[in-house]
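Structural features, examined
Each chain, letter by letter, is given below.
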Amino acid sequence: MGLELTASNIVKRFGERELFSIEQLQVQEGESLHLSGDNGVGKTTLMKILAGLDKPCAGRINVTPNMKGRWSTSLHPKVIYLHQTPYVFSGSVKDNIAYGLKLKGISRGQIKRTVQSALEWARLEEFADHAAHSLSGGEKQRLALARAWVLTPGLLFLDEPTANLDKQSVDSVTELVRKMVDGGAAVMISSHQTNPLTEVCQRSLLLADGKVSESQFPKEMLFDA
Amino acid sequence: MQDNLLETSMLSLQLLFSLDAELWDIIGVSFRVSITAILIATLPAILVGFFLAMVDFKGRWMVIALFNALMAVPTVVVGLTLYLLLSRSGPLGDLHLLFTQPAMIIGQVALAFPLLVCMSHSAFQSIDKRAWETARTLGANCFFAVTTIMKEARFALLAAVLAGFGRIISEVGCSMMIGGNIMSYTRNIPTAIALETSKGMFAQGIALGLVLLILALLLNFTLASIRGKGRLV
Ligand SMILES: Nc1ncnc2c1ncn2[C@@H]1O[C@H](COP(=O)(O)OP(=O)(O)OP(=O)(O)O)[C@@H](O)[C@H]1O
Ligand SMILES: [Mg+2]
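Residues numbered from 1 in each chain as written. Chains lettered and ligands numbered in written order. Predicted model: local features only at pLDDT ≥ 70, side-chain atom pairs only at ≥ 80, totals over all residues. Heavy atoms only, no water.

**Section: the overall build of chain A**
Of the regular secondary structure elements, chain A holds 6 helices and 9 strands. Taken against the 2.2 N^0.38 rule, which gives 17 Å for 225 residues, the C-alpha radius of gyration of chain A at 18 Å falls within 12% of a compact globule. With the C-alpha coordinates aligned to their principal axes, the bounding extent of chain A is approximately 50 × 50 × 35 Å. Here chain A holds 225 residues, and 51% of them are scored as buried. Residue pairs at least 24 apart in sequence account for 69% of intrachain contacts in chain A once pairs closer than 6 positions are excluded. Of the roughly 11000 Å² that chain A leaves accessible, carbon and sulfur atoms contribute 48%. Averaging the positions of the 26 positive and the 25 negative side-chain charges in chain A gives two centres separated by 9 Å. (Helix = DSSP H or I, 4+ residues; strand = E, 2+ residues; numbered from the N terminus. Rg over C-alpha atoms; globule rule 2.2 N^0.38 Å. Buried < 20%, exposed > 50% of the residue type's maximum accessible area, 1.4 Å probe, protein only. Contact = heavy atoms within 4.5 Å. Areas by Shrake-Rupley, 256 points an atom, 1.4 Å probe, with all protein chains shown as cover. Lys, Arg positive; Asp, Glu negative; His and termini not counted. Charge placed at Lys NZ, Arg CZ, Asp CG, Glu CD.)

Here's what the structure looks like:
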């Protein structure tokens, strides 16, 4: 029962201006994609639409299996979008990691154990009780990943997760994302340049002139360069 | 005159601390009415503020401007409007609410509501859109996402509630017109001060004024310390 996302005929306009129009886009379980494109082509907008946070002007997005309850107003529980600069809720690092778990009505003991393992997973133990606002950019990025990891996502959208990070932080984020991919999650990573993180990706998509195309440069060639 | 002022002041303190029944009765009416009014107004007003901040619809700016304008309407005008509605020949005259506590509560709700809407609207406006999106993508349905945003904006929202309370507990025009200043029932602090002063009896007025002054200080110190906690991060 792998997760599969299919988007068909997605159109997004802002007023008169058409940002993009995409006929078909499919993401399957275990895939990792790099979405590239220049500033302002609409990478963020596209990923938010795919994640259900934004509405397209036309077209539909289908995620199977559909795990939403019939009357639920929630988004798909296994599809998670992470912002370029994460928003951390007020409260401690632990509170932030527990956010999604608390919504699922899991027992306190279970939440505590899961939060603990997430802290270890993201190497955030020493910050466990710090105010989340006080973390650095790189630490917040790891917190955002841990906050998603506890919900065992099947499809993760990462919006330029390394944009403001130094080399070391890029490496640790890359390591975490690789662990998620190895764990079977599909990821789509947007960024306008290649970096260690995007090398995790098997497929490469290019968003340009309002269209998405499978990029000309397969991964092997990037390694050669 | 000097002596007189001193004397009245002493008398007013005596009234306050001797737990003068009439005086504390008036204070009781004030707090009962205003606390009830603020409890009724708060949640709906915050939800309207949230709606105005989050939902983009045609004419939104007009609604916002309208609430801003309502905030500036003098209390006597609100009182007059309600008087016309509630008086015996008015459209709601059959409810027999004029000169009752419920009428005062209605008036104070009407006074507090626009202020609460405007202040909670700007409280929500200062919250990042990413907060909503993060809550949603981590599995919150719309209801829980709203509670999350309210929690993120809690200091500014509390400031709104305190400011609203400050406005209604000290207003005189509306309470006077639709409450009627009936002792032990609709006489609250501001209307009592107005009456006593007009009768030339200053002691009770000063005592009640002191209560309002202390309350204003308390509210504002609380507000200031909340602002301190809600500092930029
Ligand atoms: N709510 C909006 N109203 C009007 N225009 C918008 C809105 N949101 C985004 N846009 C426009 O859509 C375009 C694409 O924005 P988007 O953030 O998706 O680009 P991006 O590819 O992620 O860019 P970057 O690489 O800089 O992050 C931009 O030109 C932006 O101005
Ligand atoms: Mg972007």
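Okay, back to it.
**Section: the sheet that holds strand S4 (residues 58-64) of chain A**
Residues and elements named next belong to chain A. If you trace the 3 strands from one edge of the open sheet to the other, you get S2-S1-S4, paired in antiparallel fashion. Taken across any chain shown, the strands that pair with only one partner, and hence form the sheet edges, are strand S2 (17-28) and S4. For this sheet, the mean inter-axis angle between neighbouring strands, taken without regard to orientation, is 15°. By the bridge criterion, 6 bridges tie strand S1 (residues 4-14) to S4 in an arrangement that is antiparallel. Of the residues in S4, the one forming a bridge with threonine 6 is asparagine 62. (Pairing = 2+ DSSP bridges. Axes fitted to C-alpha atoms, helices over the stretch in contact; angles between N-to-C directions.)

**Structural notes on the site of ligand 1**
Residue and element names in this part refer to chain A. The local shell around ligand 1 consists of Phe14, Arg17, Leu19, Asp38, Asn39, Gly40, Val41, Gly42, Lys43, Thr44, Thr45 and Glu160. One nitrogen or oxygen atom from the side chain of arginine 17 is found 3.1 Å from an oxygen atom belonging to ligand 1. Side-chain polar atom of threonine 44 to an oxygen atom of ligand 1: 2.6 Å apart, as the coordinates give it. Within the complex, the protein chains bury 58% of what would otherwise be the 640 Å² of accessible surface of ligand 1. Broken down by secondary-structure element, the contributors of at least two residues to the shell around ligand 1 are S2 and helix H1 (43-50). Counting residues per element, the shell around ligand 1 draws most heavily on H1, which supplies 3 residues. Counted by class, the shell around ligand 1 contains 3 nonpolar, 5 polar and 4 charged residues. (Near = heavy atom within 4 Å. Polar contact = N/O pair within 3.5 Å; in protein donor to acceptor, adjacent residues only side chain to side chain. Nonpolar A, V, L, I, M, F, W, Y, C, P; charged D, E, K, R; others polar.)

**Notes on the nonpolar core**
By size, the foremost hydrophobic cluster in this structure holds 57 residues, and its most contacted members are Ile97, Leu143, Leu145, Leu156 and Val177 of chain A together with Phe124 of chain B. In terms of residue count, helix H5 (residues 167-182) of chain A provides more of this core than any other element does, 6 residues in total. Once residues within four sequence positions are removed from consideration, leucine 145 of chain A is found in contact with Leu82, Trp121, Leu156, Leu158, Val173, Leu176, Val177 and Met180 of chain A. Ile38, Ala45, Leu97 and Leu162 of chain B belong to the second largest nonpolar core, which has 34 residues in total. (Core = buried A, V, L, I, M, F, W, Y, C linked by side-chain atoms within 4.5 Å.)

**Quick look at the interface of chain A and chain B**
Listed by partner, the interface residues are 22 residues for chain A and 18 residues for chain B. Between chain A and chain B lies a buried interface of about 1900 Å² when both sides are counted; carbon and sulfur atoms form 56% of it. The interface formed by chain A and chain B includes 1 salt bridge. A salt bridge links glutamate 133 of chain B to lysine 48 of chain A, with the nearest nitrogen and oxygen atoms 3.1 Å apart. At the surface where chain A touches chain B, the tally comes to 9 residue pairs in polar contact (both at pLDDT 80 or more). Taken together, the residues that form the side of chain A that touches chain B break down as 13 nonpolar, 7 polar and 2 charged. (Buried area = accessible area lost by both parts, 1.4 Å probe. Salt bridge = Lys/Arg side-chain N within 4 Å of Asp/Glu carboxyl O.)

**As for the packing of aromatic side chains**
Ring pairs (aromatic) are described by centroid distance and by the angle formed between their planes. One pass over the full model with this rule turns up 10 aromatic pairs over all chains. Geometry around phenylalanine 155 of chain B places arginine 154 of chain B over its ring, the cationic atom sitting 5.0 Å from the centre. (Phe/Tyr/Trp six-rings, centres within 6.5 Å; stacked < 30°, edge-to-face > 60°. Lys NZ or Arg CZ within 6 Å of the ring centre and 35° of its normal.)

**A short note on the sheet that holds strand S6 (residues 155-159) of chain A**
All names here are of chain A. The strand order across the open sheet built from 6 strands is S5-S6-S7-S3-S8-S9, with neighbouring strands paired in mixed fashion. Sheet topology places strand S5 (79-82) and strand S9 (211-214) at the edges, where each strand pairs with a single neighbour. Across this sheet, the average inter-strand angle for adjacent strands is 20°, counted without regard to direction. In this sheet, strand S7 (residues 186-190) lies alongside strand S3 (residues 32-36) in parallel orientation, the contact comprising 4 bridges. Bridge pairing links leucine 35 to serine 190 in S7. H1 contacts S3, S5, S6, S7, strand S8 (203-208) and S9 of the sheet and is inclined by roughly 160° relative to S6. Strands in contact with helix H4 (residues 137-149) are S5 and S6; relative to S5, the strand with the most contacts, it is inclined by about 170°.

**Quick look at the pairing of S8 of chain A**
All names here are of chain A. In the sheet, S3 pairs with S8 via 4 bridges, with the strands oriented parallel. Of the residues in S8, the one forming a bridge with leucine 33 is arginine 203. Relative to S9, S8 runs antiparallel, the two being bridged by 4 bridges. Bridge pairing in S9 places leucine 206 opposite serine 213. In textbook terms, the turn of a hairpin is the stretch between consecutive antiparallel strands, and for S8 and S9 this stretch comprises 2 residues, one of which, aspartate 209, has a positive phi near 50°.

**Here we look at the confidence of the model for chain B**
Residues with a pLDDT of 70 or more make up 97% of chain B, whose mean pLDDT is 92. Per the prediction output, this complex has pTM 0.86; the corresponding ipTM is 0.92. (pLDDT = per-residue confidence, 0-100.)

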